[in-house]
Amino acid sequence: MRLASCHNFHDFRDLAQARLPGPIFDYIDGAADDESTYRRNATSFDDCDLVPNVLRGVKDVDLSVTVMGQKLAVPFYCSPTALQRLFHHRGEHAVAAAAAKLGTMFGVSSLGTVSLEALRKQYSTPQCYQFYFHKDRGLNRAMMERAKAAGVEVMMLTVDSITGGNRERDLRTGFSIPFRLTLAGMLQFALKPKWGIDYVTHEAFRLPQLEEHVDMGGGTMSIGRYFTEMLDPSMTWDDVAAMVKLWNGPFCLKGVMAVDDAKRAIDIGCNGIILSNHGGRQLDGSRSAFDQLAEIVDAVGDRIHVLMDGGVQRGTHVLKALSLGAKAVGLGRYYLYPLAAAGQPGVERALTLLQTEIVRDMKLMGCTRIDQLSRTNLRFR
Ligand SMILES: Cc1cc2nc3c(=O)[nH]c(=O)nc-3n(C[C@H](O)[C@H](O)[C@H](O)COP(=O)(O)O)c2cc1C
(Lines give C-alpha, C1' and ligand atoms only; values in the text may rest on other atoms or scores of the structure.)
Protein backbone atom coordinates (compact mmCIF):
# COMPACT_ATOMS: atom_id res chain seq x y z
CA MET A 1 0.00 0.00 0.00
CA ARG A 2 1.27 3.50 -0.89
CA LEU A 3 0.49 7.01 0.28
CA ALA A 4 -1.39 7.76 -2.94
CA SER A 5 -3.82 4.95 -2.11
CA CYS A 6 -4.64 6.42 1.31
CA HIS A 7 -8.03 8.08 1.07
CA ASN A 8 -9.16 8.12 4.67
CA PHE A 9 -8.20 7.61 8.33
CA HIS A 10 -8.37 3.82 8.06
CA ASP A 11 -6.04 3.69 5.05
CA PHE A 12 -3.43 5.80 6.88
CA ARG A 13 -3.80 3.61 9.95
CA ASP A 14 -3.16 0.48 7.87
CA LEU A 15 -0.05 2.02 6.29
CA ALA A 16 1.25 3.15 9.70
CA GLN A 17 0.73 -0.35 11.05
CA ALA A 18 2.67 -1.83 8.15
CA ARG A 19 5.60 0.52 8.76
CA LEU A 20 5.90 0.78 12.54
CA PRO A 21 7.24 -1.81 14.98
CA GLY A 22 4.26 -3.26 16.85
CA PRO A 23 5.00 -1.66 20.25
CA ILE A 24 5.14 1.84 18.72
CA PHE A 25 1.98 1.30 16.67
CA ASP A 26 0.24 0.07 19.83
CA TYR A 27 1.43 3.11 21.79
CA ILE A 28 -0.41 5.35 19.27
CA ASP A 29 -3.35 3.05 18.65
CA GLY A 30 -3.94 1.96 22.22
CA ALA A 31 -5.96 3.49 25.03
CA ALA A 32 -6.79 2.87 28.71
CA ASP A 33 -8.29 -0.24 30.34
CA ASP A 34 -10.87 -1.84 28.00
CA GLU A 35 -10.56 1.03 25.49
CA SER A 36 -14.34 1.60 25.64
CA THR A 37 -14.05 5.40 25.75
CA TYR A 38 -11.65 5.25 22.81
CA ARG A 39 -14.22 3.31 20.76
CA ARG A 40 -17.09 5.58 21.83
CA ASN A 41 -15.16 8.70 20.77
CA ALA A 42 -15.44 7.76 17.11
CA THR A 43 -18.90 6.16 17.20
CA SER A 44 -20.53 9.02 19.16
CA PHE A 45 -20.74 11.01 15.91
CA ASP A 46 -22.98 8.29 14.43
CA ASP A 47 -25.81 9.01 16.87
CA CYS A 48 -26.45 12.28 15.16
CA ASP A 49 -27.49 13.05 11.58
CA LEU A 50 -27.02 16.12 9.43
CA VAL A 51 -30.08 17.77 7.88
CA PRO A 52 -28.92 19.64 4.77
CA ASN A 53 -30.38 22.75 3.19
CA VAL A 54 -30.38 23.05 -0.59
CA LEU A 55 -30.35 25.70 -3.35
CA ARG A 56 -28.48 28.29 -1.34
CA GLY A 57 -25.73 29.34 -3.75
CA VAL A 58 -22.66 27.66 -2.32
CA LYS A 59 -20.00 28.36 -4.94
CA ASP A 60 -17.35 29.72 -2.55
CA VAL A 61 -16.84 28.26 0.90
CA ASP A 62 -14.83 29.96 3.66
CA LEU A 63 -13.62 27.55 6.35
CA SER A 64 -11.76 30.10 8.47
CA VAL A 65 -12.37 30.49 12.20
CA THR A 66 -10.85 32.61 14.96
CA VAL A 67 -10.03 30.69 18.12
CA MET A 68 -8.57 32.28 21.25
CA GLY A 69 -7.44 35.20 19.10
CA GLN A 70 -5.77 32.95 16.48
CA LYS A 71 -7.03 33.06 12.91
CA LEU A 72 -7.11 29.54 11.44
CA ALA A 73 -7.82 28.85 7.76
CA VAL A 74 -9.58 25.60 8.66
CA PRO A 75 -11.69 24.68 11.73
CA PHE A 76 -9.33 21.90 12.87
CA TYR A 77 -5.84 21.89 14.40
CA CYS A 78 -3.16 19.34 15.31
CA SER A 79 -3.55 18.59 18.99
CA PRO A 80 -0.27 18.17 20.93
CA THR A 81 1.06 14.63 21.08
CA ALA A 82 4.18 13.16 22.66
CA LEU A 83 7.21 11.44 21.12
CA GLN A 84 6.54 12.26 17.45
CA ARG A 85 10.10 11.51 16.25
CA LEU A 86 9.57 7.89 17.30
CA PHE A 87 6.80 7.67 14.72
CA HIS A 88 8.79 9.32 11.91
CA HIS A 89 12.27 10.82 12.10
CA ARG A 90 10.97 14.30 11.11
CA GLY A 91 8.40 14.21 13.93
CA GLU A 92 7.10 17.64 14.96
CA HIS A 93 8.84 19.26 11.95
CA ALA A 94 6.61 17.28 9.61
CA VAL A 95 3.45 18.12 11.55
CA ALA A 96 4.25 21.83 11.97
CA ALA A 97 5.17 22.21 8.29
CA ALA A 98 1.93 20.55 7.20
CA ALA A 99 -0.14 22.63 9.65
CA ALA A 100 1.54 25.81 8.37
CA LYS A 101 0.72 24.84 4.78
CA LEU A 102 -2.95 24.46 5.71
CA GLY A 103 -2.84 27.65 7.79
CA THR A 104 -3.75 26.05 11.08
CA MET A 105 -2.43 25.67 14.61
CA PHE A 106 -0.20 22.85 15.83
CA GLY A 107 0.48 21.81 19.40
CA VAL A 108 3.85 20.98 20.89
CA SER A 109 3.84 18.56 23.79
CA SER A 110 5.94 18.89 26.94
CA LEU A 111 7.03 15.42 25.85
CA GLY A 112 7.78 16.69 22.33
CA THR A 113 10.90 15.60 20.50
CA VAL A 114 11.76 18.91 18.76
CA SER A 115 12.31 22.10 20.72
CA LEU A 116 9.46 24.58 20.85
CA GLU A 117 11.93 27.35 19.91
CA ALA A 118 13.06 25.61 16.70
CA LEU A 119 9.44 25.07 15.69
CA ARG A 120 8.40 28.64 16.50
CA LYS A 121 11.29 29.96 14.36
CA GLN A 122 10.69 27.76 11.32
CA TYR A 123 6.92 27.64 10.87
CA SER A 124 4.76 30.74 10.79
CA THR A 125 1.41 29.49 11.98
CA PRO A 126 -0.08 29.61 15.49
CA GLN A 127 1.63 27.26 17.94
CA CYS A 128 0.31 26.09 21.28
CA TYR A 129 2.41 24.62 24.05
CA GLN A 130 0.97 21.72 25.99
CA PHE A 131 2.01 21.94 29.59
CA TYR A 132 2.02 19.53 32.53
CA PHE A 133 2.08 20.98 36.04
CA HIS A 134 5.18 20.06 38.07
CA LYS A 135 5.64 19.87 41.82
CA ASP A 136 8.55 22.28 41.41
CA ARG A 137 6.88 25.68 40.99
CA GLY A 138 10.18 27.23 39.90
CA LEU A 139 10.34 24.71 37.06
CA ASN A 140 6.78 25.60 35.97
CA ARG A 141 7.70 29.28 35.93
CA ALA A 142 10.92 28.67 34.01
CA MET A 143 9.16 26.53 31.38
CA MET A 144 6.42 29.10 30.88
CA GLU A 145 8.91 31.95 30.60
CA ARG A 146 10.84 29.93 28.04
CA ALA A 147 7.70 29.41 25.93
CA LYS A 148 6.79 33.09 26.22
CA ALA A 149 10.28 34.17 25.16
CA ALA A 150 10.06 31.84 22.15
CA GLY A 151 6.85 33.55 21.00
CA VAL A 152 4.44 30.66 21.55
CA GLU A 153 0.90 32.02 21.13
CA VAL A 154 -1.32 29.72 23.20
CA MET A 155 -0.68 27.96 26.51
CA MET A 156 -2.59 24.69 26.84
CA LEU A 157 -2.57 23.07 30.27
CA THR A 158 -3.56 19.40 30.20
CA VAL A 159 -5.72 18.68 33.25
CA ASP A 160 -6.87 15.12 32.57
CA SER A 161 -3.50 13.51 33.30
CA ILE A 162 -3.10 14.03 37.01
CA THR A 163 -1.87 10.44 36.93
CA GLY A 164 -0.99 8.18 33.99
CA GLY A 165 -3.71 6.07 32.32
CA ASN A 166 -3.63 2.26 32.43
CA ARG A 167 -2.51 1.36 28.90
CA GLU A 168 -2.35 -2.40 28.88
CA ARG A 169 -1.07 -2.73 25.32
CA ASP A 170 2.10 -0.90 26.49
CA LEU A 171 2.38 -3.18 29.52
CA ARG A 172 2.32 -6.21 27.22
CA THR A 173 4.97 -4.91 24.81
CA GLY A 174 7.08 -3.16 27.44
CA PHE A 175 6.79 0.18 25.60
CA SER A 176 8.28 2.97 27.71
CA ILE A 177 10.90 5.69 27.40
CA PRO A 178 13.67 4.61 27.73
CA PHE A 179 12.69 1.34 26.02
CA ARG A 180 12.21 -1.61 28.35
CA LEU A 181 10.85 -4.07 25.83
CA THR A 182 9.62 -7.54 26.58
CA LEU A 183 11.06 -10.31 24.43
CA ALA A 184 7.90 -10.30 22.32
CA GLY A 185 8.24 -6.53 21.94
CA MET A 186 11.88 -6.86 20.81
CA LEU A 187 10.93 -9.43 18.19
CA GLN A 188 8.41 -7.00 16.76
CA PHE A 189 11.16 -4.39 16.30
CA ALA A 190 13.26 -7.01 14.49
CA LEU A 191 10.39 -7.45 12.02
CA LYS A 192 10.56 -3.77 10.96
CA PRO A 193 14.27 -3.15 10.22
CA LYS A 194 13.55 -0.11 8.02
CA TRP A 195 12.16 1.74 11.01
CA GLY A 196 15.32 0.85 12.97
CA ILE A 197 17.62 2.10 10.19
CA ASP A 198 15.67 5.37 10.01
CA TYR A 199 15.86 5.75 13.77
CA VAL A 200 19.63 5.26 14.08
CA THR A 201 20.62 7.23 10.97
CA HIS A 202 18.89 10.46 12.01
CA GLU A 203 19.38 12.97 14.81
CA ALA A 204 19.35 11.28 18.24
CA PHE A 205 16.02 11.05 20.07
CA ARG A 206 15.61 13.89 22.59
CA LEU A 207 12.96 15.47 24.78
CA PRO A 208 14.13 19.10 24.48
CA GLN A 209 11.28 20.68 26.45
CA LEU A 210 12.36 18.73 29.52
CA GLU A 211 16.02 17.83 29.14
CA GLU A 212 17.33 20.93 30.90
CA HIS A 213 15.30 19.98 33.94
CA VAL A 214 14.92 16.21 33.92
CA ASP A 215 17.58 13.60 33.22
CA MET A 216 15.68 11.52 30.67
CA GLY A 217 18.62 10.84 28.36
CA GLY A 218 20.75 9.15 31.00
CA GLY A 219 18.01 6.60 31.52
CA THR A 220 17.56 7.43 35.19
CA MET A 221 14.11 8.96 34.65
CA SER A 222 11.46 7.16 32.61
CA ILE A 223 8.32 8.88 31.35
CA GLY A 224 6.35 6.75 33.80
CA ARG A 225 8.48 8.05 36.69
CA TYR A 226 8.27 11.59 35.28
CA PHE A 227 4.49 11.39 35.69
CA THR A 228 4.54 9.87 39.17
CA GLU A 229 7.51 11.74 40.64
CA MET A 230 7.64 15.15 39.00
CA LEU A 231 4.04 16.06 38.20
CA ASP A 232 1.89 17.43 40.97
CA PRO A 233 -1.33 15.52 41.74
CA SER A 234 -2.21 18.15 44.35
CA MET A 235 -2.65 20.83 41.66
CA THR A 236 -5.75 22.96 42.31
CA TRP A 237 -7.68 25.79 40.66
CA ASP A 238 -5.62 28.32 42.66
CA ASP A 239 -2.41 26.98 41.12
CA VAL A 240 -3.85 27.29 37.64
CA ALA A 241 -5.18 30.79 38.34
CA ALA A 242 -1.60 31.84 39.15
CA MET A 243 -0.38 30.27 35.89
CA VAL A 244 -3.04 32.09 33.86
CA LYS A 245 -1.90 35.38 35.39
CA LEU A 246 1.76 34.66 34.78
CA TRP A 247 1.18 33.64 31.14
CA ASN A 248 -0.80 36.81 30.47
CA GLY A 249 -2.02 35.65 27.05
CA PRO A 250 -4.32 33.05 25.47
CA PHE A 251 -4.64 30.19 27.97
CA CYS A 252 -6.78 27.07 27.73
CA LEU A 253 -7.42 23.90 29.71
CA LYS A 254 -7.35 20.59 27.87
CA GLY A 255 -9.45 17.82 29.35
CA VAL A 256 -12.33 19.75 30.98
CA MET A 257 -15.59 17.75 30.82
CA ALA A 258 -17.88 18.97 33.64
CA VAL A 259 -20.01 22.13 33.54
CA ASP A 260 -18.86 23.36 36.96
CA ASP A 261 -15.22 23.01 35.86
CA ALA A 262 -15.96 24.92 32.66
CA LYS A 263 -17.41 27.72 34.79
CA ARG A 264 -14.33 27.75 37.04
CA ALA A 265 -12.14 28.01 33.96
CA ILE A 266 -13.97 31.24 33.10
CA ASP A 267 -13.64 32.52 36.68
CA ILE A 268 -9.84 32.15 36.64
CA GLY A 269 -9.51 33.94 33.29
CA CYS A 270 -9.04 31.11 30.76
CA ASN A 271 -9.86 31.91 27.12
CA GLY A 272 -10.66 28.37 26.06
CA ILE A 273 -11.50 24.86 27.21
CA ILE A 274 -10.94 21.71 25.23
CA LEU A 275 -13.41 18.94 25.90
CA SER A 276 -11.25 15.87 25.69
CA ASN A 277 -10.66 12.48 27.26
CA HIS A 278 -7.10 12.37 25.88
CA GLY A 279 -8.12 10.05 23.05
CA GLY A 280 -9.46 7.52 25.57
CA ARG A 281 -5.98 7.12 27.04
CA GLN A 282 -6.74 8.27 30.59
CA LEU A 283 -10.08 7.53 32.30
CA ASP A 284 -11.76 4.65 30.51
CA GLY A 285 -15.54 4.84 30.85
CA SER A 286 -15.48 8.63 30.71
CA ARG A 287 -17.87 10.38 28.35
CA SER A 288 -16.89 11.27 24.82
CA ALA A 289 -16.30 14.94 24.12
CA PHE A 290 -18.91 14.95 21.36
CA ASP A 291 -21.55 13.45 23.69
CA GLN A 292 -20.76 16.14 26.27
CA LEU A 293 -20.43 19.08 23.90
CA ALA A 294 -24.00 20.46 23.85
CA GLU A 295 -24.24 20.52 27.66
CA ILE A 296 -21.03 22.55 27.93
CA VAL A 297 -21.80 24.90 25.04
CA ASP A 298 -25.23 25.62 26.54
CA ALA A 299 -23.71 26.43 29.92
CA VAL A 300 -20.67 28.51 28.94
CA GLY A 301 -20.41 28.77 25.13
CA ASP A 302 -21.21 32.50 25.14
CA ARG A 303 -18.39 33.26 27.61
CA ILE A 304 -15.44 31.06 26.62
CA HIS A 305 -14.26 29.32 23.46
CA VAL A 306 -15.26 25.66 23.60
CA LEU A 307 -13.14 23.25 21.54
CA MET A 308 -13.20 19.47 21.47
CA ASP A 309 -11.12 16.49 20.41
CA GLY A 310 -11.44 12.72 20.29
CA GLY A 311 -12.40 10.32 17.53
CA VAL A 312 -12.45 12.85 14.71
CA GLN A 313 -11.89 10.93 11.48
CA ARG A 314 -14.13 12.63 8.91
CA GLY A 315 -15.18 16.03 7.62
CA THR A 316 -18.73 15.29 8.73
CA HIS A 317 -17.48 14.71 12.31
CA VAL A 318 -16.02 18.22 12.25
CA LEU A 319 -19.28 19.65 10.84
CA LYS A 320 -21.33 17.96 13.56
CA ALA A 321 -19.10 19.32 16.34
CA LEU A 322 -19.13 22.83 14.88
CA SER A 323 -22.93 22.65 14.45
CA LEU A 324 -23.27 21.86 18.17
CA GLY A 325 -21.20 24.93 19.01
CA ALA A 326 -17.52 23.94 19.10
CA LYS A 327 -15.24 26.72 17.80
CA ALA A 328 -12.68 24.23 16.41
CA VAL A 329 -11.81 20.57 16.59
CA GLY A 330 -8.52 18.92 17.56
CA LEU A 331 -6.96 15.99 15.73
CA GLY A 332 -4.73 13.34 17.31
CA ARG A 333 -4.41 9.96 15.67
CA TYR A 334 -5.89 11.46 12.49
CA TYR A 335 -2.50 13.08 11.78
CA LEU A 336 -0.28 10.64 13.73
CA TYR A 337 -0.95 7.64 11.48
CA PRO A 338 -0.11 9.65 8.32
CA LEU A 339 3.01 10.96 10.08
CA ALA A 340 4.09 7.39 10.79
CA ALA A 341 3.08 6.25 7.32
CA ALA A 342 4.86 8.91 5.28
CA GLY A 343 6.19 11.90 7.27
CA GLN A 344 5.30 15.40 6.09
CA PRO A 345 3.72 14.35 2.77
CA GLY A 346 1.52 11.97 4.76
CA VAL A 347 0.33 14.64 7.21
CA GLU A 348 -0.20 17.11 4.39
CA ARG A 349 -2.25 14.61 2.44
CA ALA A 350 -4.39 13.76 5.48
CA LEU A 351 -5.03 17.40 6.42
CA THR A 352 -5.76 18.35 2.81
CA LEU A 353 -8.20 15.45 2.45
CA LEU A 354 -10.01 16.63 5.57
CA GLN A 355 -10.13 20.19 4.26
CA THR A 356 -11.50 18.98 0.91
CA GLU A 357 -14.08 16.82 2.67
CA ILE A 358 -15.26 19.73 4.79
CA VAL A 359 -15.58 22.06 1.77
CA ARG A 360 -17.59 19.39 -0.05
CA ASP A 361 -19.74 18.69 3.02
CA MET A 362 -20.37 22.39 3.61
CA LYS A 363 -21.65 22.74 0.03
CA LEU A 364 -23.85 19.69 0.47
CA MET A 365 -25.18 21.21 3.70
CA GLY A 366 -25.96 24.52 1.96
CA CYS A 367 -23.41 26.52 3.96
CA THR A 368 -20.61 28.85 2.86
CA ARG A 369 -19.35 30.00 6.27
CA ILE A 370 -18.70 28.13 9.51
CA ASP A 371 -21.03 30.42 11.46
CA GLN A 372 -23.94 29.23 9.28
CA LEU A 373 -23.71 25.78 10.88
CA SER A 374 -26.14 25.37 13.76
CA ARG A 375 -28.23 22.85 15.64
CA THR A 376 -31.13 23.42 13.27
CA ASN A 377 -29.16 21.21 10.89
CA LEU A 378 -28.71 18.34 13.36
CA ARG A 379 -31.00 15.62 14.64
CA PHE A 380 -30.09 13.06 17.28
CA ARG A 381 -31.55 9.59 16.73
C1 LIG B 1 0.24 8.87 20.80
C2 LIG B 1 -0.47 9.99 21.50
C3 LIG B 1 0.25 10.84 22.32
C4 LIG B 1 -0.39 11.90 22.99
N5 LIG B 1 0.35 12.77 23.75
C6 LIG B 1 -0.27 13.80 24.37
C7 LIG B 1 0.48 14.71 25.16
O8 LIG B 1 1.70 14.62 25.27
N9 LIG B 1 -0.21 15.69 25.80
C10 LIG B 1 -1.57 15.84 25.68
O11 LIG B 1 -2.14 16.74 26.29
N12 LIG B 1 -2.30 15.00 24.92
C13 LIG B 1 -1.68 13.98 24.27
N14 LIG B 1 -2.42 13.12 23.50
C15 LIG B 1 -3.88 13.36 23.33
C16 LIG B 1 -4.17 14.23 22.09
O17 LIG B 1 -3.70 15.53 22.24
C18 LIG B 1 -5.68 14.28 21.80
O19 LIG B 1 -6.34 14.73 22.95
C20 LIG B 1 -6.25 12.93 21.38
O21 LIG B 1 -5.33 12.20 20.60
C22 LIG B 1 -7.54 13.11 20.60
O23 LIG B 1 -8.09 11.87 20.27
P24 LIG B 1 -7.92 11.20 18.82
O25 LIG B 1 -6.55 10.58 18.81
O26 LIG B 1 -9.00 10.20 18.78
O27 LIG B 1 -8.06 12.29 17.80
C28 LIG B 1 -1.80 12.07 22.83
C29 LIG B 1 -2.51 11.19 22.01
C30 LIG B 1 -1.87 10.16 21.35
C31 LIG B 1 -2.67 9.25 20.45
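Check the entry above for the structure.
This is a predicted model, so every value here is computed, not measured. (Residues numbered from 1 in each chain as written. Predicted model: local features only at pLDDT ≥ 70, side-chain atom pairs only at ≥ 80, totals over all residues. Heavy atoms only, no water.)

Caption draft 1: Looking closely at the environment of valine 114. With respect to the secondary-structure elements, valine 114 resides in the loop between strand S5 (106-108) and helix H6 (116-122). Sequence separation of valine 114 and histidine 89 is 25 residues, and the distance between their C-alpha atoms is 10 Å. Apart from residues lying up to four places away in sequence, valine 114 is in contact with Arg85, Glu92, His93, Val108, Leu119, Pro208 and Gln209. (Helix = DSSP H or I, 4+ residues; strand = E, 2+ residues; numbered from the N terminus. Contact = heavy atoms within 4.5 Å.)

Caption draft 2: Spotlight on the packing of aromatic side chains. All chains considered together, the criterion is met by 11 aromatic pairs. Ring geometry for tryptophan 195 against tyrosine 199: centres 4.9 Å apart, planes inclined by 15°, an arrangement best described as stacked. Placement of both tryptophan 195 and tyrosine 199 in helix H10 (residues 193-200) is noted, with a separation of 4 residues, approximately one turn of the helix. Look at tryptophan 195 and you get buried, because its relative accessible area is 6%. With 5.8 Å between their ring centres and 85° between their planes, tyrosine 226 and phenylalanine 227 make a pair best called edge-to-face. In textbook terms, an aromatic cluster arises when at least three aromatic residues are bridged by ring pairs, as seen for Phe9, Phe25 and Tyr337. Cation over ring: lysine 148 sits above tryptophan 247, and NZ or CZ is 4.2 Å from the ring centre. Cation over ring: arginine 281 sits above tyrosine 27, and NZ or CZ is 4.8 Å from the ring centre. (Phe/Tyr/Trp six-rings, centres within 6.5 Å; stacked < 30°, edge-to-face > 60°. Buried < 20%, exposed > 50% of the residue type's maximum accessible area, 1.4 Å probe, protein only. Lys NZ or Arg CZ within 6 Å of the ring centre and 35° of its normal.)

Caption draft 3: Spatial organisation of the site of the ligand. Around the ligand sit 21 residues, and of these Ser79, Pro80, Ser109, Thr158 and Gly311 come closest. Within the contact set of the ligand, an oxygen atom lies 2.8 Å away from a side-chain nitrogen or oxygen of serine 109. In this structure, threonine 158 approaches the ligand through a side-chain N or O atom, which is 2.7 Å from an oxygen atom. Protein chains shield 98% of the accessible area of the ligand, which is 600 Å² for the free molecule. Listing elements by their share of the shell around the ligand, those giving two or more residues are helix H2 (22-29) and helix H16 (333-365). For the shell around the ligand, the per-class residue count stands at 6 nonpolar, 11 polar and 4 charged. (Near = heavy atom within 4 Å. Polar contact = N/O pair within 3.5 Å; in protein donor to acceptor, adjacent residues only side chain to side chain. Areas by Shrake-Rupley, 256 points an atom, 1.4 Å probe, with all protein chains shown as cover. Nonpolar A, V, L, I, M, F, W, Y, C, P; charged D, E, K, R; others polar.)

Caption draft 4: Quick look at empty space enclosed by the protein. Tallying each qualifying case throughout the model produces 3 cavities of 30 Å³ or more. Counted as a void, the largest cavity has a volume near 70 Å³. Lining the largest cavity are Tyr132, Phe133, Thr158, Val159, Ser161, Ile162, Leu231, Asp232, Pro233 and Met235. A per-class count over the lining of the largest cavity returns 7 nonpolar, 2 polar and 1 charged. (1 Å grid on protein atoms, 1.4 Å probe; cavity = no way out; pocket = protein on both sides within 12 Å on 5 of 7 lines; lining within 4 Å. Points joined across faces, edges and corners; volume = space filled by probe spheres on them.)

None of this, on its own, says anything about what the molecule does.
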